[in-house]
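Remarks on the overall topology
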Amino acid sequence: MPSSSSSRESQLLVPLHVSYIKALGEKKDDLAYHLTTHLRLNAIYWGLTALCIMGQKDALDRDEMIEFVMSCWDDEAGTFGAHPDHDAHLLSTLSAIQILVTHDALDRVDIPRVVKFILSLHQASGVFAGDAFGEIDTRFTYCAVSALSLLGQLHLLDGEPKERTINYIVRCRNFDGGFGSRIGAESHAGQVFVCVAALAILDRLDEVDVQTLGWWLCERQLPNGGLNGRPEKLEDVCYSFWVLSALAILDKIPWIDAEKLTAFILAAQDTESGGIADRPDNMVDVFHTLFGVAGAPLALVRMCLISNDDILGLSLLGYPGLVDLDPVYCMPAAIIEGKGLKKQWKALERRIA
Amino acid sequence: MRTPLEQECQSLMSLSEETIALYADRPEWSDVTPLAQYEDANPIAPIFYSPEYRDATDYFRGVVKTGEKSERVLKLTEHIIRLNPAHYSAWQYRYETLLAVNASLQAELELMDELAVAFLKTYQVWHHRRLLLMLTRKPAPELAFIEKSLKVDAKNYHTWSYRQWLLAFFNDDDLWDGELDFVDMMLAQDIRNNSAWHHRFFVVFESGLREGETDRGRIVRRELTYVKQNISLVANNPSAWNYLRGILDTNKLPYSRVEDFVRPYAATTPDSSTTDLVDLENPPPPRGAQLPCPAAIEFLADIHEKEGGKEQILQATELWRSLADEHDTIRKKYWEYRIREALRVMKD
């Protein structure tokens, strides 16, 4: 939310955001740091993607990053944990793959083993579990489907497993057109994103009630321009990415007031110092993201002035000077296109500064 | 008042400030070889742990390595979970240990009553609870626990989702019996609580037919009356309007069925002629309500559009125009899209 103490910005402060992401590893002395190790790989993925979208991919050292990703390899499980010596998880698996794909370094991965791990989490109901502990959630379905697709192995779901996967997502569809985390659960913007994006990857967007869901998504916009994640909840910059990506996949971004949303996001930049642990309210914000806004599809760790996902959101809004983002895979569009994975989606045309 | 998030912060912080003897200094743990975490010099992701957390997790890795499952492992994992409730390996190992030592699951649930409220927003707390319930198979007391937990955060996604799971998984008529009263109580506290509205829809329309609910015509009438009465208490409540649409869509009923109810809500001023009449089918907007309700205007427009024909379509476009220009300007683009589409279809 916009900080009242800072001046309201109307421009994206690219150099400041880049330096914040670069400083990502230098904040050793705060409590949040050791509590976020289970999301570390995910945070690096968000940071890297935000850098790519700002055209600064090289701001973090490629080789060091790849070495860190590889140090998260859990040889027992045959995939990645969030941090060296952490247990394997589907979320960190997807983050690792996304980072390696972005850096064109997939050759480092034992793909058959990773695929085996992913498929081992597929449940009889069709949903995926996040890890061996067995927590199920549609966001893990997204992680599995996206990861298999990026690895070029989505065909392994062909036939009954694919139908089962789709069927579970469809059963999570609610009367308001939205999707929840599991059967019966309330619609939530984050879950809408993961379900819609997973259906897009599986080429089954026909299962989406586009009119009803499109309306539900644009109903998320509040008079101040910001978006909330559920009816009657407060707006928060962190929802802009999920709502926007889902709208882009359904080609409905023109239904919202892009100008007001852009202004809302830019005003949330803290021009004074930012820094996640510098101030009590920022501290709370770290926990807010650390514990996952209920149903957070890809747990977001705020490591810059506004969260990295908002920079991605601005890209979809056609903000000048940014690089195109693929809203389905949440990666630079050129990379996804280069892999021949591009699905139907539409962002706003990029504006000239 | 502190928010639940601040309370979470506080509980984590204060725990680290207490002076607790490190496992390394406790003779009863001297038989375990602690395993230090792999330290990576990579500046992208340096590791910082408090001495307490580092010590506990070193010993945790030590016991995992030897496969020890014992009472003290339960203490150790509880300690780690309190320091970092998102440590899923600690949760998983704790669960396996509970089974291995045949621990009291009731005691574990009592501990979880405390931890769930302290760490409401972590997935693991709720997942662990599901696993325990699948063993104890005593769902009834859970309803009261959930109610208590919703007092701390009435819209917590995990809590509601846990309740839905509990009801559907055990699917016992006694469990379902009190659900509508429960929703009433939650809506009495906050009529705009979308989670409660969603839950009502789940209970009534999406969880199968239970005894006494097979007369669907009666159920639909009951739900229509319920939602209308709620709208007549608070007119601009998107959750309630969505619920009204949900009833009609799910039961394939035309929106025109509620036209008489909707019309006064789409008017700019209250209709003074009917204020003394009590029409239970069509309760009027509350006194002082901000009129017109955008949701009601949209409803009327949908009714006109559905009727079809030039006259009706034009009436619909006028209503959308009033939303775009006056009553819901943030969604101007959407309303203009509706106008364009309707006119295009009319021309075709």
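Here, the structure is the one placed above.
Residues numbered from 1 in each chain as written. Chains lettered and ligands numbered in written order. Predicted model: local features only at pLDDT ≥ 70, side-chain atom pairs only at ≥ 80, totals over all residues. Heavy atoms only, no water.

Its 14 residues give helix H15 (residues 294-307) of chain B an end-to-end C-alpha distance of 20 Å, which sits within 8% of 20 Å, the value for a rise of 1.5 Å per residue. Tucked inside the fold, the buried residues of H15(B) contact helix H10 (210-218) of chain A together with helix H13 (238-250), helix H14 (259-266), helix H16 (310-327) and helix H17 (332-347) of chain B. Gly308(B) sits one or two positions beyond H15(B) and adopts a positive phi of about 75 degrees. (Helix = DSSP H or I, 4+ residues; strand = E, 2+ residues; numbered from the N terminus. Expected span 1.5 Å × (residues − 1). Contact = heavy atoms within 4.5 Å.)

Residue and element names in this part refer to chain B. Close contact between H16 and H17 brings their axes to 8 Å; oriented N to C, the two are set at 165 degrees. One finds that H16 runs roughly antiparallel with respect to H17. In this structure, H16 crosses over H17, and the sense of that crossing is left-handed. Along the contact surface, H16 presents Lys310, Ile313, Leu314, Thr317, Trp320, Arg321, Leu323, Ala324 and Asp325, while H17 presents Lys332, Trp335, Glu336, Arg338, Ile339, Ala342, Leu343 and Met346. Grouping the amino acids of the contact of H16 with H17 by side-chain chemistry returns ten nonpolar, one polar and six charged. (Axes fitted to C-alpha atoms, helices over the stretch in contact; angles between N-to-C directions. Parallel < 35°, antiparallel > 145°, perpendicular 65-115°, else oblique. Left-handed = near helix turned anticlockwise from the far one by under 90°. Nonpolar A, V, L, I, M, F, W, Y, C, P; charged D, E, K, R; others polar.)

Before going further, it helps to examine the side chain of His122(A). All names here are of chain A. Here His122 lies in the loop between helix H6 (111-120) and helix H7 (138-150). One polar contact links the side chain of His122 to the main-chain carbonyl oxygen of Gly126, over a distance of 3.2 Å. A distance of 3.1 Å separates the side chain of His122 from the side chain of Thr165, its partner in a polar contact. Contact partners of His122, with chain neighbours within four places excluded, come to Val127, Phe128, Leu157, Pro161, Arg164 and Thr165. (Polar contact = N/O pair within 3.5 Å; in protein donor to acceptor, adjacent residues only side chain to side chain.)

The next subject is a negative patch on the surface. Residue and element names in this part refer to chain B. A cluster of acidic residues, Asp172, Asp173, Asp174, Asp177 and Glu211, forms a negative patch at the surface. Looking at the element boundaries, Glu211 is found in the loop between helix H11 (194-205) and helix H12 (216-231). Accessibility expressed as a relative area gives 74% for Glu211, which makes it exposed. (Patch = residues over 30% accessible without salt bridge, like charges linked within 9 Å, V, L, I, M, F, W, Y side chains within 5 Å. Areas by Shrake-Rupley, 256 points an atom, 1.4 Å probe, with all protein chains shown as cover. Salt bridge = Lys/Arg side-chain N within 4 Å of Asp/Glu carboxyl O. Lys, Arg positive; Asp, Glu negative; His and termini not counted. Charge placed at Lys NZ, Arg CZ, Asp CG, Glu CD. Buried < 20%, exposed > 50% of the residue type's maximum accessible area, 1.4 Å probe, protein only.)

Glancing now at the nonpolar core. Ranked by internal contacts, the top residues of the largest apolar core, which has 207 residues, are Ile118(A) and Leu244(B). Residues in contact with Leu244(B), not counting those within four places in the same chain, are Leu224(B), Val227(B), Ile231(B), Val258(B), Phe261(B) and Phe299(B). (Core = buried A, V, L, I, M, F, W, Y, C linked by side-chain atoms within 4.5 Å.)

A few words now on the packing of aromatic side chains. Tallying each qualifying case throughout the model produces 34 aromatic pairs over all chains. Plain terms: the ring middles of Trp160(B) and Phe182(B) are 5.8 Å apart, the flat faces sit at 50 degrees to each other, and that makes the pair tilted. Separated by 22 residues along the polypeptide, Trp160(B) in helix H8 (residues 157-170) and Phe182(B) in helix H10 (residues 179-189) bring together distant segments of the chain. Summarising the burial analysis for this pair, Trp160(B) and Phe182(B) share the class buried. What links up through ring pairs into an aromatic cluster is the set Phe175(A), Trp197(B), Phe201(B), Phe205(B), Tyr226(B) and Tyr243(B). (Phe/Tyr/Trp six-rings, centres within 6.5 Å; stacked < 30°, edge-to-face > 60°.)

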